[in-house]
Each structure stands twice: as structure tokens, then as C-alpha cells.
Amino acid sequence: MARSSSKRPREEDKEVETKKKIKSGPEDGEGGPDRDEKVPTGGRMTKEEKKAITAARGGGVYIPPHKLKRMQSQISDKKSKAFQRIHWDALRKSINGLINKVNTSNIKMIIPELFNENVVRGRGLLVRACMKAQMASPNFTHVYAALIAIVNTKMPEIGELCLKRVVMQVMSSDSRDMKKINSSEGGSSKGRGEVED
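Residues numbered from 1 in each chain as written. Predicted model: local features only at pLDDT ≥ 70, side-chain atom pairs only at ≥ 80, totals over all residues. Heavy atoms only, no water.

*Asks:* Any chance you could break down the overall build of the protein for me, citing the residues and the numbers?
*Replies:* Helix and strand content of the protein: eight helices and zero strands. For the protein, the succession of helices and strands along the chain, N to C, is α-α-α-α-α-α-α-α. Of all 197 residues assigned to the protein, the portion counted as buried reaches 27%. Accessible surface for the protein amounts to roughly 14,200 Å². Of this, 54% is attributable to carbon and sulfur atoms. (Helix = DSSP H or I, 4+ residues; strand = E, 2+ residues; numbered from the N terminus. Buried < 20%, exposed > 50% of the residue type's maximum accessible area, 1.4 Å probe, protein only. Areas by Shrake-Rupley, 256 points an atom, 1.4 Å probe, with all protein chains shown as cover.)

Listed below in C-alpha cells is the structure:
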């Protein structure tokens, strides 16, 4: 009995800790809708807004265009969470689609389409899409590098964001590699490439 009572507070502590964790919002520079902000319509959401948010959060669930347009027309307040979520998801899908389409022969046509999107608001989405696409197909690295270079000429903050994220990813992967090497050497303080005498 003592064990069950000693486990209970620990389980409750874990639950309390998970409840206290801050919900992860948009990453640096993504400008997505704030999940914790108050809804401007008196604090209560209408049934249509709740339905639109749950439908839009489908996590990749296909919504036919006619249903999406119907949901957008039902939401009258442009500052509501539902409206912001629907437009954020549409921007994400559009940017991902353009990044997935780009290659050496059509980059000239994709760039104007990309600039027609709200890349200032979706700069984090653009950078993330490029990085994921490059990791998925390293043969097209030069295409994604050219795309970011072109975008950087018009909007240097997007190039800066891409550079910061790539450096952070390399640094974190390097630190993981160093931990693996050090643990395999039995805690040796030697770095990579150093040979013991």
C-alpha cells in the first residue's frame, strides 16, 4: 500500500507538470495565429467558428474546396481564431505546394507565384518547407539554395532566418554526434579526429 500511495503523488506531479507546460506556438518568424489570445467577439466563439477550427485543424485532412469556401463565408469576423486558422492553413498548403513543385526548369515561374503569397507572414513556413524538401531530396539542394538566394535578394530577413535555422540544426546534430562519440569512447574527453598516443 505504501508503494501505491508513493506512486500517486508522482503521477499527479507529472500531470501537473504537463498541464503547466506552455503550448508551443509558431516558431520564430512564423507569425501564425496565437492559440492563447482572446477571441475578440466577447470571449465566446460561435458554433460555426468552433466547427471551422476543428475542421481546419484536421492535420492534413483533405477538405473539398466547396466546403472550405462555405466555412470561410460563414466566418464574418476576420480577427477570429477560426478565420486566422483557415487562412494560415491555406498559406501553409500553398507554400508547401510551390516548394514541392520547384525544379530547375520551372524556378522562373515559381518565384513570382511565391511572391504572390504572403511570404512575410509565412516566412517560417517557407524556410521550414525548403529545409524539409532539401532533406527529403538532397539531389535538388542547388534548386532550393537558388530559391532562397532569390528570395533573399528581395527579403533579406527570410535569408537570415534560413541561415539561422540551418546553423542551429547543424550545431544540434554536431552536439548529438559528439555525445555519441564520447559515450562510445567511455567518456573520453577527446574530440573528433584526435588520436590517443
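Having seen it, we continue.
*Asks:* Residue-level account of the packing of helix H5 (residues 107–116) against helix H7 (residues 141–154), with values.
*Replies:* What describes two packed helices is the angle between their axes and the distance between those same axes. At a minimum axis separation of 11 Å, H5 and H7 run at an interaxial angle of 45 degrees. On the basis of the axis angle, H5 is oblique to H7. Crossing hand, H5 versus H7: right-handed. Where H5 approaches H7, its residues Ile107, Ile111, Leu114 and Phe115 are matched on the opposing element by Val143, Ala146, Leu147, Ile150, Val151 and Lys154. Partitioning the contact of H5 with H7 into residue classes produces nine nonpolar, no polar and one charged. (Axes fitted to C-alpha atoms, helices over the stretch in contact; angles between N-to-C directions. Parallel < 35°, antiparallel > 145°, perpendicular 65-115°, else oblique. Left-handed = near helix turned anticlockwise from the far one by under 90°. Contact = heavy atoms within 4.5 Å. Nonpolar A, V, L, I, M, F, W, Y, C, P; charged D, E, K, R; others polar.)

*Asks:* Give a detailed account of helix H4 (residues 81–101), specifying residues and quantitative values.
*Replies:* Its 21 residues place the ends of H4 30 Å apart at the C-alpha level, agreeing with the 30 Å of an ideal helix rising 1.5 Å per residue. Looking at H4, one finds that the buried residues are Ala82, Phe83, Arg85, Ile86, Trp88, Asp89, Leu91, Ile95, Leu98 and Ile99. (Expected span 1.5 Å × (residues − 1).)

*Asks:* If you had to explain the pattern of salt bridges to someone new, which residues and values would you point to?
*Replies:* In total, this model carries two salt bridges according to the counting rule given. With a shortest N-O distance of 3.6 Å, arginine 92 and aspartate 89 are connected by a salt bridge. On the criterion of helical spacing, the pair formed by arginine 92 and aspartate 89 is a turn pair, its members being three residues apart in helix H4. Its relative accessible area of 8% is what places aspartate 89 among the buried residues. For lysine 164, the salt bridge identified is with glutamate 160, shortest N-O distance 3.4 Å. In this pair, lysine 164 and glutamate 160 are both assigned in helix H8 (residues 156–184), four residues apart and thus about one turn of the helix distant. For lysine 164, a relative accessible area of 46% gives the class partly exposed. By relative accessible area, which is 43% here, glutamate 160 ends up partly exposed. (Salt bridge = Lys/Arg side-chain N within 4 Å of Asp/Glu carboxyl O.)

*Asks:* Explain a nonpolar patch on the surface to me, and be specific about the residues and the numbers.
*Replies:* A cluster of nonpolar side chains, contributed by Leu163, Val167 and Met171, occupies part of the molecular surface with about 300 Å² of accessible area. By the element assignment, leucine 163 lies in helix H8. In this structure leucine 163 comes out as exposed when scored by relative accessible area, which is 57%. (Patch = residues over 30% accessible without salt bridge, like charges linked within 9 Å, V, L, I, M, F, W, Y side chains within 5 Å.)

*Asks:* Please give an account of the nonpolar core that cites residues and values.
*Replies:* The biggest cluster of nonpolar side chains holds 27 residues, and the ones touching the most others in it are Ile95, Ile99, Val102, Leu114, Leu126, Leu147 and Ile158. For this core, the elements supplying multiple residues, two or more each, are H4, H5, helix H6 (123–136), H7 and H8. With seven residues, H6 is the largest single contributor of residues to this core. Those residues in contact with isoleucine 95 that sit more than four places away from it in its chain are Gly122, Leu125, Leu126 and Ala129. Formed by six residues, the second largest nonpolar core is a distinct cluster that contains Ile63, Met71, Ile75 and Ile86. (Core = buried A, V, L, I, M, F, W, Y, C linked by side-chain atoms within 4.5 Å.)

*Asks:* How would you explain the environment of asparagine 152 if you had to name every residue and give the values?
*Replies:* Take asparagine 152: it is sitting in helix H7. For asparagine 152, a relative accessible area of 32% gives the class partly exposed. C-alpha of asparagine 152 to C-alpha of cysteine 162: the two residues are ten residues apart in sequence and 9.5 Å apart in space. Filtering out sequence-adjacent residues up to four positions away, asparagine 152 remains in contact with Gly159 and Glu160.

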